[in-house]
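Architecture at a glance
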Amino acid sequence: MNELMIQARPHIFNFQTDASALIVIDMQRDFIDSGGFGESLGNDVSRLQKIIPTVKQLISGFRDAGITIIHTRECHLPDLSDCPDAKRYRGSPGLRIGDSGPMGRLLVKGEPGVEIIPALAPIPGEKVIDKPGKGAFYQTDLEGFLQDQHIETLFFAGVTTEVCVQTTMREANDRGYFCLLARDATESYFDAFKQTTIDMIEAQGAIVGWTATVDDILASLHV
Ligand code: TIU
């Protein structure tokens, strides 16, 4: 497979499609729709809805190019045995993880709020990783899956930029993966946090990884 090239920041990013995967982080109703976990924390969830079209475009392009796609969902077992008190009793949200809201129990596996939004739903064959942490490597089979598939390069999209996306990207970077964040396919509840996260990732010669626009990523794939 030929090496492809993206006009990325802070400099050009090279990758091979057969050694790459796209990880779409937590595009779940609980973060994006009204009445879920994100809103219970006091956030304006409509902010995250802006990126749905670009994430969709990115997923379609990767599907067309035959590149591995992985979706993650932040969620817990119904008995909350994988949700430490330090997470559940953080702050003073309107509803806590495990409490019942309009989309079922917040961040509990099997409940409607945990589902990925219909516009970005996985298709058969795409891996879905349920994760109890902010990072997708913590207490999941992600690392083994990537090793089995001989993946070296990870593309990232999803929410929120500075929480689950950045945590997962840092975990991946430490494990030796080349990481690129699609800057217009990620969003935060806070403008400044999104921008600062992108700046941090790119700084010091791509200390955590590279960033690029969805158009530039897809241009490299000729899709
Ligand atoms: N998926 C993810 O980022 N989980 C969060 O809790 N994010 C917040 O910004 N709260």
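For the structure, see preceding data.
Structural notes on the overall build of the protein
For the protein, the count of helices and strands is nine helices and ten strands. Computed over C-alpha atoms, the radius of gyration of the protein comes to 17 Å, within 12% of the 17 Å expected from 2.2 N^0.38 for 223 residues, which places it in the range of a compact globule. Expressed as lengths along the three principal axes of its C-alpha atoms, the size of the protein is roughly 50 × 35 × 30 Å. Classification of the 223 residues of the protein by burial places 54% in the buried group. Contacts spanning at least 24 positions in sequence make up 72% of the contacts within the protein whose residues lie at least 6 apart. Taken as a whole, the protein presents about 9700 Å² of accessible surface, with 50% of it coming from carbon and sulfur. The centroid of the 20 positive side-chain charges in the protein is displaced by 5 Å from the centroid of its 31 negative side-chain charges.

Quick look at the site of the ligand
Contacts to the ligand come from Asp26, Phe31, Phe37, Leu41, Glu74, Lys134, Val159, Thr160, Val163, Cys164 and Tyr189. Separating a nitrogen atom of the ligand from a side-chain N or O atom of Asp26 is a distance of 2.7 Å. A distance of 2.9 Å is found between an oxygen atom of the ligand and a side-chain nitrogen or oxygen belonging to Thr160. Across the shell around the ligand, the residue classes tally to seven nonpolar, one polar and three charged.

Some words on the packing of aromatic side chains
The final tally for this structure, using the stated rule, is eight aromatic pairs. Relative to Phe193, the ring of Phe190 has its centre 4.7 Å away and its plane inclined at 40°; by these criteria the two rings are tilted. These aromatic residues form a ring-pair network of at least three members: Phe13, Phe15, Phe62, Phe155 and Trp210.

Brief notes about unusual backbone geometry
Residues Arg9 and Pro10 are joined by a peptide bond in cis, for which omega reads 0°. Its location among the elements puts Pro10 in the loop between strand E1 (4-6) and strand E2 (13-15). Residues Val159 and Thr160 are joined by a peptide bond in cis, for which omega reads -20°. In this fold, Thr160 is placed in the loop between strand E8 (153-159) and helix H7 (161-174). One non-glycine residue, Leu80, lies in the positive phi region at around 60°.

Observations regarding helix H8 (residues 191-206)
Helix length check: H8, at 16 residues, gives a terminal C-alpha distance of 21 Å against a target of 22 Å (1.5 Å per residue), a fit within 8%. Residues of H8 that are buried make contact with H7, strand E9 (178-187) and strand E10 (210-212).

What to know about helix H9 (residues 214-221)
Turning to H9, its buried residues number three or more, namely Val214, Ile217, Leu218, Ser220 and Leu221. Take H9 and look down its axis: the buried residues cluster within an arc of 155°, on one side only. In the segment just after H9, His222 is the residue with positive phi, at about 55°.

What to know about the pairing of E8
The buried fraction of E8 amounts to seven of the seven residues, a majority that puts the element mostly inside the structure. Alternating positions in E8 separate into two faces, Thr153, Phe155, Ala157 and Val159 on one and Leu154, Phe156 and Gly158 on the other, with burial throughout. By the bridge criterion, six bridges tie strand E3 (residues 20-25) to E8 in an arrangement that is parallel. Within E8, the residue paired with Val24 across the bridge is Ala157. Regarding the hand of the β-α-β motif, the stretch spanning E8, H7 and E9 is right-handed.

Side note on the environment of Gln7
One can find Gln7 in the loop between E1 and E2. Distance from Gln7 to Lys194, taken between C-alpha atoms, is 20 Å for residues 187 residues apart in sequence. Ignoring anything within four residues of it in the chain, the contact list for Gln7 reads Ile12, Ala212 and Asp216.

Concerning the pairing of strand E7 (residues 127-131)
Here E7 shows one buried face, formed by Lys127, Ile129 and Lys131, and one open face, formed by Val128 and Asp130. With five bridges connecting them, strand E4 (residues 68-74) and E7 associate as parallel partners. If you follow Thr72 over to E7, its bridge partner there is Ile129.

What counts as what
Residues numbered from 1 in each chain as written. Predicted model: local features only at pLDDT ≥ 70, side-chain atom pairs only at ≥ 80, totals over all residues. Heavy atoms only, no water. Helix = DSSP H or I, 4+ residues; strand = E, 2+ residues; numbered from the N terminus. Rg over C-alpha atoms; globule rule 2.2 N^0.38 Å. Buried < 20%, exposed > 50% of the residue type's maximum accessible area, 1.4 Å probe, protein only. Contact = heavy atoms within 4.5 Å. Areas by Shrake-Rupley, 256 points an atom, 1.4 Å probe, with all protein chains shown as cover. Lys, Arg positive; Asp, Glu negative; His and termini not counted. Charge placed at Lys NZ, Arg CZ, Asp CG, Glu CD. Near = heavy atom within 4 Å. Polar contact = N/O pair within 3.5 Å; in protein donor to acceptor, adjacent residues only side chain to side chain. Nonpolar A, V, L, I, M, F, W, Y, C, P; charged D, E, K, R; others polar. Phe/Tyr/Trp six-rings, centres within 6.5 Å; stacked < 30°, edge-to-face > 60°. Expected span 1.5 Å × (residues − 1). Arc of directions from axis to C-beta. Pairing = 2+ DSSP bridges. Right-handed = clockwise from strand over helix to strand, strands pointing away.

Nothing here speaks to function; it is all geometry.
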